[in-house]
Amino acid sequence: MPENRHPPRVLTGVRPLPGGAAVRAHRHAEHQIVHAGRGVLSVTTGAGTWVAPANRAIWIPAGTVHEHRAYGDTDLHLVGLPVTADPLRLGRPAVIGVGPLLRELIVAYTRRPAGAGPQRGRLLAVLLDELRLSAEQPLHVPAAKDSRLAAVCAILRDDPADDRTLAQLGAVAGVSDRTLTRLCRAELGMSFPQWRTQVRLHHALRLLAEGLPVTTVAHRCGWASSSAFIDVFRRAFGHTPGAHRARHAGA
């Protein structure tokens, strides 16, 4: 991933991004929390992609080369943390849950970035306490390194609705389904069906942010029915796609 020049320190604040806008690959000497108060945000590194709707945030450790992309009009809340403040104890990016209190803390802290008085210090202390209690969410699409597996993954990223079996996809890439199954476990840390579900969920978040109807999103992402899509979405995000769209519109 080519790296763009970027200030070494994270500028804490709010950055509005139109749908489709991207922040080119860069890194900081500080840790970073990124949260989409409105819209959907993705963060991509050489290890894969993380996507977060408004009830999630993404942790980016210091020194990680990464890029951002917005889906739908997005309010990007950026929180910079010194390396001495490491509330999550994670040396890799991760999606974390954002409850009502943590959300309000992030919004308040980023909307008033100036100053270093006692009130701001107390706000940061509570924010760090809430981050320590935040659970990591399995919303990561890992990137393959093996060229054969990467070719198969690229097919599904381009068209998540492609319902061909692993054997059929492997035939296109010239590799057996047995080899692909082994590579999925070794490189992606999950089975092929699990990886495909993550890809479809991430694609669904993007399409919902663009205002597409739930039925259309289900079809374009490869679910056999809207009800099947709603069930998987609810289990992953804690609410239905319709509720997700309502939150996005309300924000």
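Going by the structure above, here's the rest.
None of these values were measured; they are calculated from a predicted model. (Residues numbered from 1 in each chain as written. Predicted model: local features only at pLDDT ≥ 70, side-chain atom pairs only at ≥ 80, totals over all residues. Heavy atoms only, no water.)

Chemist: With reference to specific residues and values, describe the overall build of the protein chain.
Modeler: Within the protein chain one finds 9 helices and 9 strands. For 251 residues, the compact-globule estimate of 2.2 N^0.38 gives 18 Å, and the protein chain sits close to it at 19 Å. When the backbone C-alpha atoms are referred to their principal axes, the protein chain occupies close to 60 × 35 × 30 Å. Buried residues in the protein chain amount to 48% of all 251 residues. Within the protein chain, counting contacts between residues at least 6 apart in sequence, those at least 24 apart form 71% of the total. As displayed, the protein chain has an accessible area near 11,900 Å², and 52% of this comes from carbon and sulfur atoms. With 31 positive and 19 negative side-chain charges, the protein chain shows a separation of 3 Å between the mean positions of the two kinds. (Helix = DSSP H or I, 4+ residues; strand = E, 2+ residues; numbered from the N terminus. Rg over C-alpha atoms; globule rule 2.2 N^0.38 Å. Buried < 20%, exposed > 50% of the residue type's maximum accessible area, 1.4 Å probe, protein only. Contact = heavy atoms within 4.5 Å. Areas by Shrake-Rupley, 256 points an atom, 1.4 Å probe, with all protein chains shown as cover. Lys, Arg positive; Asp, Glu negative; His and termini not counted. Charge placed at Lys NZ, Arg CZ, Asp CG, Glu CD.)

Chemist: Tell me what's going on with helix H1 (residues 100-111), and back it up with residues and numbers.
Modeler: Helix length check: H1, at 12 residues, gives a terminal C-alpha distance of 17 Å against a target of 16 Å (1.5 Å per residue), a fit within 8%. Leu 102, Leu 105, Ile 106, Val 107, Tyr 109 and Thr 110 are the residues of H1 that are buried. The inward-facing, buried residues of H1 abut strand E1 (13-17), strand E3 (31-45), strand E6 (66-81), strand E7 (94-97) and helix H2 (118-132). (Expected span 1.5 Å × (residues − 1).)

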